[in-house]
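Chain by chain, the residues run as shown.
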2 protein chains.
Amino acid sequence: MLVNVPQDSDFSIHNLPYGIFSDSVNTSKRVGVAIGDQVVDMSLLAKSGLFSEIQGFGGQAVECFGKDCLNEFMGCDRRVWVAVRKELTDFLQNENNRVRKALKNGGSEVLVPQSNVTMHLPAKIGDYTDFYASKEHATNVGVMFRGKENALNPNWTMLPVGYHGRASSVVVSGTPIKRPCGQRVVSKGGPPVYGQCMKQDFELEAAFFYGGKENKLGEAISMENARDHIFGMVLMNDWSARDIQAYEYVPLGPFLGKNFGTTVSPWVVTLDALEPFLTQLPEQDPKPMQYLADGAFGGRGETYDINLMVGLKSKSASSYTTVSRSNLKYMYWSIKQQLVHHTINGCNMRPGDLCGTGTISGPNDNSLGSMLELSWNGTRNVDIGNGETRIFLEDYDSVRLSGYCQGDGYRVGFGECVGQIIPATPMF
Amino acid sequence: MLVNVPQDSDFSIHNLPYGIFSDSVNTSKRVGVAIGDQVVDMSLLAKSGLFSEIQGFGGQAVECFGKDCLNEFMGCDRRVWVAVRKELTDFLQNENNRVRKALKNGGSEVLVPQSNVTMHLPAKIGDYTDFYASKEHATNVGVMFRGKENALNPNWTMLPVGYHGRASSVVVSGTPIKRPCGQRVVSKGGPPVYGQCMKQDFELEAAFFYGGKENKLGEAISMENARDHIFGMVLMNDWSARDIQAYEYVPLGPFLGKNFGTTVSPWVVTLDALEPFLTQLPEQDPKPMQYLADGAFGGRGETYDINLMVGLKSKSASSYTTVSRSNLKYMYWSIKQQLVHHTINGCNMRPGDLCGTGTISGPNDNSLGSMLELSWNGTRNVDIGNGETRIFLEDYDSVRLSGYCQGDGYRVGFGECVGQIIPATPMF
């Protein structure tokens, strides 16, 4: 192995996630792959000819991995993704790899320490869609706002409910998030006032990037082909201003309560890396319509077993306290079902388009994916360590999402998705 | 005048709208301006040096007008837009213009007949937002679905309700629109079925393109600065599948009922051209909050007097029949108020971002902006000429939106926004 990887590192040889990085020596943004505590400079590797023999890609590799976004690589055929992964694995594992032998220091010149790099948004996101695919989350929110009897709308178990989000305000992990201002209601039923958000929240989500060719406007993607059109996944914090959202969202959905910022983790974990962690979906009752039916696991359909954690840290705290542990496998609708439903009307998807899963809450009080649920809309305190509690986020609170699949002696992890709330700047 | 313009042409010398065109001689997409029945090739004019003396733009003009989208020009300062308009007006009106004199045939070599060009989408749309700003439309829809007492939600008169749309499926006038498939309910309260849309609709809208510098994430745009950040307007048909929309939209808003296609007119009419047609907004009661207050017209706020028409044509008809006449001035919330509200939480806007007004319905039965309203959800027939009636759109029906401001002996018009419904292709 070119790089020694500890057992608890997110970035084992089985992972090889893609990201966009720059460093102080070379300030150009370019494609990298995380391994242990290093980044493989894919633009250098491409120049060294590692990918030159990949059919339909060799001639394009240098340009593709020199780009400031992953869109071009995401737009390649899945066979190219698989072939690149194979070449890269061989390069890292095999001292006799032809390119590694030709490089100085046994190939280590293509490595940059992660501690020296700046990570950037992995893709130019054309469109960003957010789903609402966790039954636990949708039920919790429904119970809070509409009562137990009407918690889930009739459409919820028939289709993955989704809505369009704002692409311009999707930012990479580490970007500060300013507390938004807007119209909110102070006393129930009363008029709204202008002011800063008083119910600042996070949402624990995963998200996938569309890959492969754009489907043409008017052409649906089938369940059979869905896998080939998902490049990989990231963690996502769908920051939410609950009071602004509550006032504005009827009847056309969330708008300013969401679009002030959405944070994604910088490393895109490919579906090929997640494949060993496939597991069955929760039972879907009623059975999904034919176009949403997934034959995997005896007709139950497939998802991924990804451990997810939320850490909170106040301004004065020195470390994060875990406030929630959830898992992607709790989610009712799979990412394949989300993609297929999205295109059933012919909506066209482009490489780099981002789809969030919605808040991923689990079955118990320690697996809830938002402050709204953890504090039950402000009615119970959440212990965030350091002798402090919260019902919603305060200024300078930091939120860290993390997640990994546990293999036998190794991990396939996502790294961190971090953001800190900074104070609002009201207009008057 | 270099081009003779009839009094009823949409493209008088007072208009000068921008678009992206190509022709059979030069198939490169580039920037053009419509005048009469001609297109001024702005890339040629830039090469001829017409804009070389414009401060902060001269060095950029050739590249900017050679682009396949207007984003770069939209991203310039408003002073640049004004200066280019001035130079172009002088070129077209003045035989002694230095560039015109230097060109062959008195300058006519920069003209291409509109009949010879193909028009393209005017901008690469980063994000597309749709508002819901016509009180008549919101009330009509509310009465139909929630009854007279609850027609308007309490938030409607406090803020311009808006939601995110899909940017990838915004297409230019002339693109066929495939009838979408999806889940719809056949009998009230019953389960949904998969199938093609049975309530295919159009929506008469206008839309504006954001211009000037991107506001940084976290920075709001004030009413005072809003004007400088609106480049210009187009007509927009927000095609809607009412049955799909009705089933899916609770609680997160319209999704597949809208994102199968949105058509915009190819010519972007600048706000500078619309300036002479400023008029006061309808009275806003209650008075808007301070951040939405517009001092124009004695505090009433300003909008534009733009006549809008909808024409329908069946497969067998030879011409369009006008089914609705409306006006932008009926709209309750102005486009400036829409932009300001959109950024009040710090949401960042980028040049080329598109914001639709929502369906523009007027006060009477002949000024309704959708089939949903014209047929009152299918309960009354709409005469579309040619001995035919409709309640919703049938396959091969064409919809044409048009609009113009009437000056004294001239028009500032938008041209056409046309689309034809083609049959669905169900998956099974």
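All values reported here derive from a predicted model rather than from experimental measurement. (Residues numbered from 1 in each chain as written. Chains lettered and ligands numbered in written order. Predicted model: local features only at pLDDT ≥ 70, side-chain atom pairs only at ≥ 80, totals over all residues. Heavy atoms only, no water.)

**What about the overall build of chain A?**
Helix and strand content of chain A: 12 helices and 26 strands. For chain A, whose C-alpha radius of gyration is 22 Å, the value lies close to the compact-globule estimate of 22 Å for 428 residues. Summarising its shape, the C-alpha atoms of chain A cover approximately 70 × 55 × 40 Å along the three principal directions. Counting the 428 residues in chain A, one finds 63% classified as buried. (Helix = DSSP H or I, 4+ residues; strand = E, 2+ residues; numbered from the N terminus. Rg over C-alpha atoms; globule rule 2.2 N^0.38 Å. Buried < 20%, exposed > 50% of the residue type's maximum accessible area, 1.4 Å probe, protein only.)

**Observations regarding the relation of the copies chain B and chain A**
Screw-axis analysis of chain B against chain A gives a translation of 0.0 Å along the axis, an RMSD of 0.0 Å, and a rotation angle of 180°. Considering both components of the superposition, the chain copies are consistent with a two-fold axis. It is Gly253(B) whose C-alpha, among those of chain B, lies nearest the rotation axis, at 2.1 Å. (Least-squares fit on C-alpha atoms with pLDDT ≥ 70 in both.)

**Details of the domain arrangement of chain A**
Residue and element names in this part refer to chain A. Looking at the assigned domains, one finds that chain A contains domain 1 (18-120) and domain 2 (128-422). Facing 18 residues of domain 1, the contacting portion of domain 2 comprises 19 residues. Taken together, the two surfaces of domain 1 and domain 2 that pack against each other cover about 1500 Å², and 66% of this comes from carbon and sulfur. Counting the contacts that link domain 1 with domain 2 gives two salt bridges. Arg78 serves as the salt-bridge partner of Asp272, at 3.3 Å between the closest nitrogen and oxygen. (Domains from an automatic or database assignment. Contact = heavy atoms within 4.5 Å. Buried area = accessible area lost by both parts, 1.4 Å probe. Salt bridge = Lys/Arg side-chain N within 4 Å of Asp/Glu carboxyl O.)

**Thoughts on unusual backbone geometry**
Val250(B) connects to Pro251(B) through a cis peptide bond whose omega is 5°. Here Pro251(B) lies in the loop between helix H8 (242-248) and strand E16 (262-264). Across the junction of Asp285(B) and Pro286(B), the peptide omega takes the value 5°, indicating a cis bond. Within the fold, Pro286(B) resides in the loop between strand E18 (278-280) and helix H10 (296-299). Phi angles above zero are rare outside glycine, and Asn105(A) is one such case at about 50°. Considering the arrangement of structural elements, one finds Asn105(A) in the loop between helix H5 (98-102) and strand E4 (111-113). In this structure, Leu16(B) is a non-glycine residue whose phi angle is positive, near 60°.

**What to know about the interface of chain B and chain A**
Taken together, the 61 residues of chain B in the interface contact 61 residues of chain A. On the chain B side of the interface with chain A, the three residues burying the most area are His164(B), Leu252(B) and Phe255(B), jointly 14% of the side's total. If you look at where chain B meets chain A, you find four salt bridges. Between Asp353(B) and Arg166(A) there is a salt bridge, with its nearest N and O atoms 2.6 Å apart. When residues of the side of chain B that touches chain A are traced back to their parent elements, those giving at least two are strand E6 (128-131), strand E7 (162-164), strand E10 (181-185), strand E11 (192-196), H8 and helix H11 (335-343) of chain B. In the side of chain B that touches chain A, the residues fall into 34 nonpolar, 20 polar and seven charged. (Nonpolar A, V, L, I, M, F, W, Y, C, P; charged D, E, K, R; others polar.)

**Some thoughts on the nonpolar core**
Among the nonpolar cores identified, the biggest contains 154 residues, and Leu274(A) and Leu274(B) are the most heavily contacted of them. If we skip the residues at most four places from it in the chain, Leu274(B) touches Met233(B), Val269(B), Tyr304(B), Ile306(B), Cys405(B), Val412(B) and Phe414(B). (Core = buried A, V, L, I, M, F, W, Y, C linked by side-chain atoms within 4.5 Å.)

**Notes on the environment of Leu292(B)**
Relative to the helices and strands, Leu292(B) is located in the loop between E18 and H10. For the pair Leu292(B) and Glu224(B), spaced 68 residues apart in the sequence, the C-alpha separation amounts to 10 Å. Excluding residues within four positions of it along the chain, Leu292(B) makes contact with Gln183(A), Met158(B), Leu159(B), Pro160(B), Met223(B), Trp333(B), Gln337(B), Val340(B) and His341(B).

**A short note on the state of the cysteines**
Note on terminology: disulfide describes a covalent bond linking the sulfur atoms of two cysteines. For the structure on display, the rule yields zero disulfides over all chains. Cys355(A) supplies the cysteine sulfur nearest to Cys347(A), a cysteine that is in no disulfide, at a spacing of 9.0 Å. Of all cysteine sulfurs in the structure, the one in Cys417(B) sits closest to Cys405(B), which takes part in no disulfide; the separation is 16 Å. Cys405(B) sits in the buried class, given a relative accessible area of 0%. (Disulfide = S-S within 2.5 Å.)

**Here we look at the sheet that holds strand E20 (residues 307-313) of chain A**
Residue and element names in this part refer to chain A. Read from one edge to the other, the open sheet built from five strands follows the order E9-E26-E25-E20-E21, with strand pairing classed as mixed. The open sheet terminates on both sides in strands that have one partner only, identified here as strand E9 (177-178) and strand E21 (321-327). Examined bridge by bridge, E20 and strand E25 (residues 398-406) share seven bridges and lie antiparallel to one another. Among the inter-strand pairings, Met309 is bridged to a residue of E25, identified as Ser402. (Pairing = 2+ DSSP bridges.)

**A look at the UniProt feature "domain: Fumarylacetoacetase N-terminal" (unreviewed entry) in chain A**
Those places that UniProt annotates as "domain: Fumarylacetoacetase N-terminal" (unreviewed entry) correspond, in this numbering, to residues 14-122 of chain A. The span residues 14-122 of chain A is 33% helix and 21% strand, and its two end C-alpha atoms sit 20 Å from each other. (UniProt positions renumbered as here; feature names shortened; annotations may be inferred.)

**Things to note about the sheet that holds strand E2 (residues 30-35) of chain B**
All names here are of chain B. Here we have five strands laid out as an open sheet, ordered E4-E3-E2-E1-E5, and antiparallel in their pairing. Every interior strand has two partners, whereas the edge strands, strand E4 (111-113) and strand E5 (117-120), have only one. Adjacent strand axes in the sheet meet at a mean angle of 50°, parallel and antiparallel pairs treated alike. Note: strand E1 (residues 18-23) against E2, four bridges, orientation antiparallel. Looking at the pairing, Tyr18 lines up with Val33 of E2. (Axes fitted to C-alpha atoms, helices over the stretch in contact; angles between N-to-C directions.)

**Overview of the pairing of strand E13 (residues 204-210) of chain B**
All names here are of chain B. A large share of E13 lies buried, amounting to seven of its seven residues. Of the pairings in the sheet, the one linking E13 to strand E14 (residues 230-237) comprises seven bridges and is antiparallel in character. Opposite Phe208, over in E14, you have Met233 as the bridge partner.

**Examining helix H11 (residues 335-343) of chain A**
Among the nine residues of H11(A), nine are classified as buried, and the element is accordingly described as predominantly covered. Of all the residues in H11(A), the buried ones are Ile335(A), Lys336(A), Gln337(A), Gln338(A), Leu339(A), Val340(A), His341(A), His342(A) and Thr343(A).

**A closer look at the environment of Val5(A)**
All names here are of chain A. Summarising the element assignment, Val5 is placed in the segment before strand E1 (18-23). Between the alpha carbons of Val5 and Val418 there is a distance of 23 Å; along the sequence they are 413 residues apart. Not counting the four nearest positions on each side in its chain, Val5 is found in contact with Phe11, Ser12, Ile35 and Gly36.

**Describing the UniProt feature "active site" (unreviewed entry) in chain A**
Under the UniProt annotation, the feature "active site" (unreviewed entry) is placed at His137(A). With sequence-adjacent residues up to four places away left out, His137(A) is seen in contact with Tyr132(A), Glu203(A), Thr359(A), Ser361(A), Ser370(A) and Glu373(A).

**So, the packing of aromatic side chains**
The full count for this structure, using the stated rule, is 30 aromatic pairs over all chains. On the numbers, 5.2 Å between centres and 55° between planes, the contact of Trp156(A) with Tyr332(A) is tilted. Linking Trp156(A) in the loop between helix H6 (135-146) and strand E7 (162-164) with Tyr332(A) in the loop between E21 and H11, this pair joins segments that are 176 residues apart in sequence. Residue Trp156(A) is classed as buried on the basis of its relative accessible area of 2%. With a centroid separation of 5.1 Å and an interplanar angle of 90°, the aromatic rings of Trp81(B) and Phe231(B) are classed as edge-to-face. Taken together, the residues Trp81(B) in helix H4 (residues 78-93) and Phe231(B) in strand E14 connect sequence positions 150 residues apart. Residue classification places Phe231(B) among the buried positions, given a relative accessible area of 1%. Among the aromatic residues, those joined into a ring-pair cluster are Tyr18(A), Phe51(A), Phe57(A), Phe65(A), Phe73(A), Trp81(A) and Phe231(A). Across from the ring centre of Tyr404(A), 3.7 Å away, lies the NZ or CZ of Arg411(A), which sits over that ring. (Phe/Tyr/Trp six-rings, centres within 6.5 Å; stacked < 30°, edge-to-face > 60°. Lys NZ or Arg CZ within 6 Å of the ring centre and 35° of its normal.)

**Here we look at the pattern of salt bridges**
Tallying each qualifying case throughout the model produces 50 salt bridges over all chains. Glu388(A) is paired through a salt bridge with Arg390(A); the nearest N and O atoms lie 3.6 Å apart. Residue Glu388(A) is classed as buried on the basis of its relative accessible area, which comes to 19%. Between Glu63(B) and Lys67(B) there is a salt bridge; the shortest N-O distance is 3.0 Å.

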